[in-house]
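# Structural overview
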Amino acid sequence: MTTRSSKKGHADHQHSHDGNVTITGARTHNLQEVSLSFPRDAMVVFTGVSGSGKSSLAFDTIYAEAQQRYLESVAPHARRLIEQIAAPDADDIQGLPPAVALKQSRGGTQERSTVGSMTRIAVNLRLLYSRAGKRPADVPFMTAEAFSPNNPQGACPVCHGIGVVPELNRAALVPDRTLSIREGAIAAWPVGWHGKNLRTILEMLDYDVDAPWDTLPEKQQQWILFTDEQPSTGVYPGLNAAQRQKAIAAGVEPDYRGTYTSPAKYVLQNVSGGKDSVKKRLSRFVTIAPCSACHGKRLNPDALTVTFAGHDIAALGEMTIRQLKSVLLPYAEKTSADLPDEAALREAVIRLTRDIVGRLDQLEALGLGHLSLGRRTTMLSSGELQRIRLATQMISKLFGVLYVLDEPSAGLHPGDVAALMPPLRSLLAAGNSLLIVEHNLDVIAEADWVVEVGPGPGRQGGNVVYNGEPAGLKHIATSATARYLFNEQRPPLREHRAPNAWLSLKNVACNNLNALDVDFPLASMTVITGVSGSGKSTLLTRVIPGLLSQIDNSDVDEEQDDEALKQSVRGEVAAGGEALKRLVRIDQRPIGRTPRSNLATYTGFFDTVRKLFADTPEAKKRGFDAGRFSFNLPEGRCPVCEGQGIISIELLFMPEASAPCTACGGKRYNDETLAVKWQHLSIADILALTVDDAVAVFHHNEPIQRSLSALTALGLGYLTLGQPATELSGGECQRIKLARELQRVQRGNGLYLLDEPSSGLHPADMDKLVLVLDQLIQRGNTVIMAEHDMRIAAEADWVIDLGPGSGDNGGQVVAAGSPAQVSASANSRTAPYLKKRLHAREA
């Protein structure tokens, strides 16, 4: 049992009784001795502003306790195979059933994982092809594994089942042919000592590393760049050719023996299996092309000769879920004339296709009909991933389970949100419980029970503002949700701007976009709308960066990977590209992967803070520079925890145990560093400040104030300056990235791309986001975002609605214009929802 015995009783209205889950004294993260009871067999929605503590209560307390109790029944050696989360800090939890968490995290997804493999549909398809596929007479029977690109029996021998192969960009290997090898002509070589070593080895092999590259014989150039040979030679650093020959003749031993690797071999080896940072650096030296052997189908020739319903298995994998269902439905319903005559085989085909169609039905019911089974999970949105996991749970037909969901409405068009409700209700009807962390007002309105956590974020939250049926929320004055749920009439947040200059893209083709012409107003806010799978993210994250990367004065934010730029994007920038000086993609990816990265270091103002400490008389007396006040450097940090502030111990059969470092008390620094005070505060005291507290402390410092005011404008005043990046939500990370942009000295003419910025945000936080984006526009920048929330679309200067449907039925501009113009479109599925929002906005 991970929770402690109760130290305090419930309030009178919270007595535990059959059919309820009851929590007493929850203190996880910012929760402040929370006690509450809610019905078990109901759709319970947890809501509240971002950072209020709702996820701490739903996932880190309730689900965490359920997992702890389950692990008590698991053999110790098996626990090591399960990713365990920390035990919750609570006095007691009663009435808790087994729980399944369906989060939006990407844990477990990798390059070979697809929609088909996640849903197990791919397994049944392989069985179908193995047992009932039609194959040429000269092809022997093949097992199901022979139809898997992830198995050596089935994988294409050239691309090893990936479907694409890296091809060298030969011109990029030596971009400046006037340089010598010593001057850095070979750009693809590794950096640092490794690159210098390869140059030295070439010199030992009697190649002229001081001659301009263009003057080397063609045969030498080809060998240096592309040889598969790896000759080994003795290395005599610092000696020229003549001196080296004398040393060899005199029997002098070389310093070491070095082995040569050509740039081509080095690039291809590391792009395939190197570190992510190395892959990113080398990506400009390769292009990704479909495998010429399997034409991107990932399978070997024998597997591709087998057909079912006239298609090879790869062709079925590329169909959308809707298309595949139409192909297999006649077999499942026994109406196909192509069913086998042999009784046992006929029954096998019917059973397999019936199971596949049932799984496809669940995916379609959850708004995923536009996906294909072959779609890689790395190419899915977090909302799509969660709904696929939800579909697999619905198929499993478990009973008596508490499902804990993280914003299942994320990434869904308003019309699809309504379609999400029946599948969720079916889980309840099957005897399960639903606990949903959600901001979407339509989902909250459908709940049986609402728990609002707050009233504010961080230290201002962590309390239960309301716990009861949705209607009762209307009378809670401290509720941030009630103002939006029951008051549809809200005034505009910003004034619309009339477009006067345009970014025009012509003949665009990528994914389901085909021969598309689209115009975006400059120095304006544009929202791209459309049903899930209509092409919004393709246009925003691939097409625009891909085409603008061809413009010399376009500056892609260095933090972003350039995977989108390597995709097959065709089209041209017909006008407006020359007006853009900078391109920034702001997404919800983490601002750092370790606790050493935090809000203060990411935004950059911690450098200024460290200089303030270094300028104090005490620091000068002790000889401390600014580096002394970094917890990442040995001089100033605690030697026990090495600046992390916590000590973690891996327990083989239990969750990892973590506690504040006993040497520094969690302060990260050694005593000598902490002895230096600025304004009576140590450097650790500064990191413990919230952003709101820091505003008062640094009121005289303009550079730091610029950073802090940007954070407070985005509703992040509750975060502490030293809060580790690993503890931040995706929405918080996105807003911190925006804050970093706001604090820059703005020159205008930037293009900001945001993919569903409302994801993870409470309506109150969305209002703050819109106001901040408007600041960027007032400075002469352009904002383009893909968005489903009609409250944000109504605030835009321009709306581009894609569709009319998803997948092959999408990819066209259905309507474009002001929000009012698009809301009047007869062909747009978005129009009715936008019209409703505009009516409330103008009322």
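Before any of the text, the structure's been laid out above.
Residue positions are given per chain, counted from 1 along the sequence in the order it is written. Totals for whole chains, interfaces and linings use every residue, but because this is a predicted model, local features are given only for residues with pLDDT of at least 70 and side-chain atom pairs only at 80 or more, for both listing and counting. In computing side-chain values, all of the structure's heavy atoms are included and hydrogens and water are not.

A word on the pairing of strand S12 (residues 402-406). The buried label applies to any residue whose accessible area, calculated with a 1.4 Å probe on protein chains only, is under 20% of its type's maximum; exposed applies above 50%, and partly exposed to all values in between. We count a stretch as a helix when DSSP gives it H or I for four or more residues in a row; a strand needs E for two or more, and each element gets its number in order from the N terminus. A large share of S12 lies buried, amounting to five of its five residues. Going residue by residue along S12, you find Leu 402, Val 404 and Asp 406 tucked away on one face and Tyr 403 and Leu 405 tucked away on the opposite face as well. Looking at chain direction, S12 and strand S13 (residues 433-437) are connected through five bridges and run parallel. If you follow Asp 406 over to S13, its bridge partner there is Val 437. The criterion for strand pairing is that DSSP finds at least two bridges linking the strands in question.

Let us now look at the layout of surface pockets. Think of a 1 Å grid over the protein atoms and nothing else: a 1.4 Å probe that fits but is trapped marks a cavity, an open set flanked by protein within 12 Å on at least five of seven lines marks a pocket, and residues with an atom within 4 Å of a point count as lining. Grid points are joined across faces, edges and corners, and a volume is the space filled by probe spheres set on the points. Estimated volume of the second largest pocket: approximately 750 Å³. Along the wall of the second largest pocket there are 38 residues; nearest its centre are Asn 440, Leu 441, Asp 442, Asp 789 and Met 790. Contributions of two or more residues to the lining of the second largest pocket are made by helix H16 (414-429), helix H17 (441-446), helix H18 (482-485), helix H29 (763-778), helix H30 (790-795) and helix H32 (831-842). Of the domains in this structure, domain 1 (20-106 + 380-486) and domain 4 (501-590 + 747-840) are the two that each give at least three residues to the lining of the second largest pocket. What counts as a domain boundary in this text is fixed by an automatic or database domain assignment.

On to helix H22 (residues 605-614). Because the α-helix completes a turn every 3.6 residues, residues three or four places apart line up on one side. Counting buried positions along H22 yields seven of 10 residues, so the element is predominantly enclosed. Three or more residues of H22 are buried, namely Phe 605, Phe 606, Val 609, Arg 610, Leu 612, Phe 613 and Ala 614. Looking at the packing, one finds that the buried side of H22 touches helix H21 (599-603), helix H23 (617-622), helix H25 (683-687) and helix H27 (702-713). Two residues form a contact once any of their heavy atoms are found within 4.5 Å.

What follows deals with the packing of aromatic side chains. Any two of the Phe, Tyr and Trp rings considered here, Trp counted by its six-membered ring, make a pair once their centres fall within 6.5 Å; the pair's planes then place it as stacked at under 30 degrees, edge-to-face at over 60, or tilted in between. Within this structure, the stated rule accounts for 15 aromatic pairs. Ring geometry for Trp 189 versus Tyr 260: centroids 6.4 Å apart, planes at 75 degrees, classification edge-to-face. Pair noted here: Trp 189 is in the loop between helix H5 (170-173) and helix H6 (193-204) and Tyr 260 is in the loop between strand S8 (256-259) and helix H9 (263-273), with a separation of 71 residues, a long-range link. Per residue, the accessibility class of Trp 189 equals that of Tyr 260, and both read buried. Geometrically, the ring pair formed by Phe 308 and Tyr 331 is tilted, given 4.7 Å between the ring centres and 40 degrees between the ring planes. Taken together, the positions of Phe 308 in strand S10 (residues 307-308) and Tyr 331 in helix H13 (residues 321-332) put the pair 23 residues apart, joining distant regions of the chain. The structure contains a cluster of three or more aromatic residues connected by ring pairs, namely Phe 613, Phe 624, Phe 629, Trp 678 and Phe 698. Sitting over the face of the ring of Phe 226, Arg 170 holds its NZ or CZ atom 4.1 Å from the ring centroid. Here, a charge over a ring is recorded when the distance from Lys NZ or Arg CZ to the ring centre is within 6 Å and its angle to the ring normal is within 35 degrees.

Quick look at empty space enclosed by the protein now. Evaluated as defined, the whole model comprises two cavities of 30 Å³ or more. Taken as a whole, the second largest cavity spans an internal volume of roughly 40 Å³. Every residue lining the second largest cavity is listed: His 413, Gly 530, Val 531, Asp 801, Leu 802, Gly 803, Pro 804, Val 814, Asn 827, Ser 828, Arg 829 and Thr 830. When residues of the lining of the second largest cavity are assigned to their parent elements, the largest contribution, three residues, is made by strand S25 (residues 798-803). The residue classification treats Ala, Val, Leu, Ile, Met, Phe, Trp, Tyr, Cys and Pro as nonpolar and Asp, Glu, Lys and Arg as charged. All others, Gly included, are polar. A class-by-class count of the residues in the lining of the second largest cavity yields four nonpolar, six polar and two charged.

Here we come to the sheet that holds strand S20 (residues 582-586). Taking strand neighbours across the sheet as the criterion, the six strands line up as S20-S23-S24-S18-S25-S26 in an open arrangement whose pairing is mixed. Strand pairing shows two members of the sheet lacking a second neighbour, S20 and strand S26 (812-817), which therefore form its edges. For this sheet, the mean inter-axis angle between neighbouring strands, taken without regard to orientation, is 15 degrees. Looking at chain direction, strand S23 (residues 750-755) and strand S24 (residues 782-786) are connected through five bridges and run parallel. Note on S24: the bridge partner recorded for Leu 751 is Thr 782. Relative to the sheet, helix H19 (residues 536-548) contacts strand S18 (525-529), S20, S23, S24 and S25, its axis offset from that of S23 by approximately 150 degrees. The axes used here are C-alpha line fits, helices contributing only the stretch in contact, and every angle between their N-to-C directions lies in the interval 0 to 180 degrees.

Turning to the environment of Leu 802, a few remarks are in order. You can see Leu 802 is positioned in strand S25. Leu 802 gets classed as buried once you look at its relative accessible area, which sits at 2%. In this structure, the C-alpha to C-alpha distance between Leu 802 and Val 814, residues 12 residues apart in sequence, is 5.4 Å. When near neighbours in sequence (up to four residues on either side) are disregarded, Leu 802 contacts Ile 528, Thr 529, Gly 530, Val 531, Ser 534, Gly 535, Lys 536, Leu 539, Gln 812, Val 813 and Val 814.

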